[in-house]
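Structural description and commentary
One letter stands for each residue in the lines below.
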Amino acid sequence: MWGLGVLKGFGITIKNMFRPVITVQYPEQRLPIPERARWAVHAVFNEDGTPKCTACLICVKECPDHVLRVESSTRPEGGKHIDTYVYELGACMMCGLCVTACPYDAIEMSHEYELATRDHSDLTRMLLFDVDAASPRRTPREDAAPAPTGTEAADA
Ligand code: SF4
Ligand code: SF4
């Protein structure tokens, strides 16, 4: 019948007018982020503001994209000093392997997802800079792999 297609079209339009809205007007509206979402890697700090990182380099070894770089030195009084902990965010695939491998829960996958930038230098981040590392004698997580020996860490 002539015009049947037009009537069908109107029917679909009217049906959709009464369906609940499922679109979100981003950025004015935002959907809640699932708890286990993985976005940019962040450093984790103790309550007193000191980093939890011990500069053990396990995360550096584990990262398949080689986007983590920790430069550390030995303090005269013992222990390590983190000169820089660099994170190449632009090349990170956000797999979370570094976070899983860290025996001290010193890094986390954050919910920071608005990462677009016009400046490429924004994609290289300094997670830690010029801070004393936490003591390597801290108790690691129970399920963590054994911490590397001094020789292994030096080889990283
Ligand atoms: S303590 Fe965690 S974040 Fe720090 S170097 Fe070791 S694995 Fe990486
Ligand atoms: S999330 Fe994956 S790719 Fe990104 S820094 Fe960690 S291990 Fe590397």
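Before going into details, it helps to say that this report is about the structure given with it. (Residues numbered from 1 in each chain as written. Chains lettered and ligands numbered in written order. Predicted model: local features only at pLDDT ≥ 70, side-chain atom pairs only at ≥ 80, totals over all residues. Heavy atoms only, no water.)

Considerations on the overall build of the protein
A tally of helices and strands in the protein yields 4 helices and 5 strands. Starting at the N terminus and walking to the C terminus, you meet the elements of the protein as α-β-α-β-β-α-β-β-α. For 156 residues, the compact-globule formula gives about 15 Å, and the C-alpha radius of gyration of the protein, at 24 Å, lies well above that figure. Overall size of the protein, expressed as C-alpha extent along the three principal axes, is 90 × 35 × 30 Å. (Helix = DSSP H or I, 4+ residues; strand = E, 2+ residues; numbered from the N terminus. Rg over C-alpha atoms; globule rule 2.2 N^0.38 Å.)

Here's the deal with the site of ligand 2
Taken together, 14 residues sit near ligand 2, with Cys63, Cys92, Cys95, Gly96 and Cys98 positioned nearest. When the residues that make up the shell around ligand 2 are grouped by side-chain class, the tally is 12 nonpolar, 1 polar and 1 charged. (Near = heavy atom within 4 Å. Nonpolar A, V, L, I, M, F, W, Y, C, P; charged D, E, K, R; others polar.)

Some thoughts on the pairing of strand 2 (residues 68–74)
Taken residue by residue, a regular strand's side chains alternate between the two faces of the sheet. Here strand 2 pairs with strand 3 (residues 80–88) via 7 bridges, running antiparallel. Within strand 3, the position partnered with Val70 by the bridge is Tyr85. (Pairing = 2+ DSSP bridges.)

Considerations on the packing of aromatic side chains
All told, the structure shown has 1 aromatic pair when counted by the stated rule. On the numbers, 5.9 Å between centres and 50° between planes, the contact of Trp39 with Tyr113 is tilted. Placement of the pair is Trp39 in the loop between helix 1 (4–17) and strand 1 (41–43) and Tyr113 in the loop between strand 4 (107–109) and strand 5 (124–132), with a sequence separation of 74 residues. (Phe/Tyr/Trp six-rings, centres within 6.5 Å; stacked < 30°, edge-to-face > 60°.)

Brief notes about the site of ligand 1
Residues in close proximity to ligand 1 total 13 residues, the closest being Cys53, Cys56, Leu57, Cys59 and Cys102. Looking at the shell around ligand 1 residue by residue, the classes come out as 12 nonpolar, 1 polar and no charged.

Considering the nonpolar core
In this structure, Leu68, Ile82, Tyr85, Tyr87 and Ile107 are the most contacted members of the largest nonpolar core, which totals 33 residues. Going through the elements one at a time, strand 1, helix 2 (58–62), strand 2, strand 3, helix 3 (97–101), strand 4 and strand 5 are the ones with two or more residues in this core. Contacts of Tyr87, omitting those with residues within four sequence positions, involve Ala40, Val41, Val67, Leu68, Cys92, Met94, Leu123, Thr124, Arg125 and Leu127. (Core = buried A, V, L, I, M, F, W, Y, C linked by side-chain atoms within 4.5 Å. Buried < 20%, exposed > 50% of the residue type's maximum accessible area, 1.4 Å probe, protein only. Contact = heavy atoms within 4.5 Å.)

Brief notes about helix 1
Given a rise of 1.5 Å per residue, 14 residues ought to cover 20 Å, and the 20 Å separating the end C-alpha atoms of helix 1 matches this to within 8%. Across the 14 residues of helix 1, 0 count as buried, placing the element largely on the outside. (Expected span 1.5 Å × (residues − 1).)

A short note on the pattern of salt bridges
One pass over the structure, following the stated rule, counts 4 salt bridges. One salt bridge connects Glu114 with Arg30, and the closest N-O pair in it is separated by 2.6 Å. Taken together, the positions of Glu114 in the loop between strand 4 and strand 5 and Arg30 in the loop between helix 1 and strand 1 put the pair 84 residues apart, joining distant regions of the chain. What makes Glu114 partly exposed here is its relative accessible area of 41%. (Salt bridge = Lys/Arg side-chain N within 4 Å of Asp/Glu carboxyl O.)

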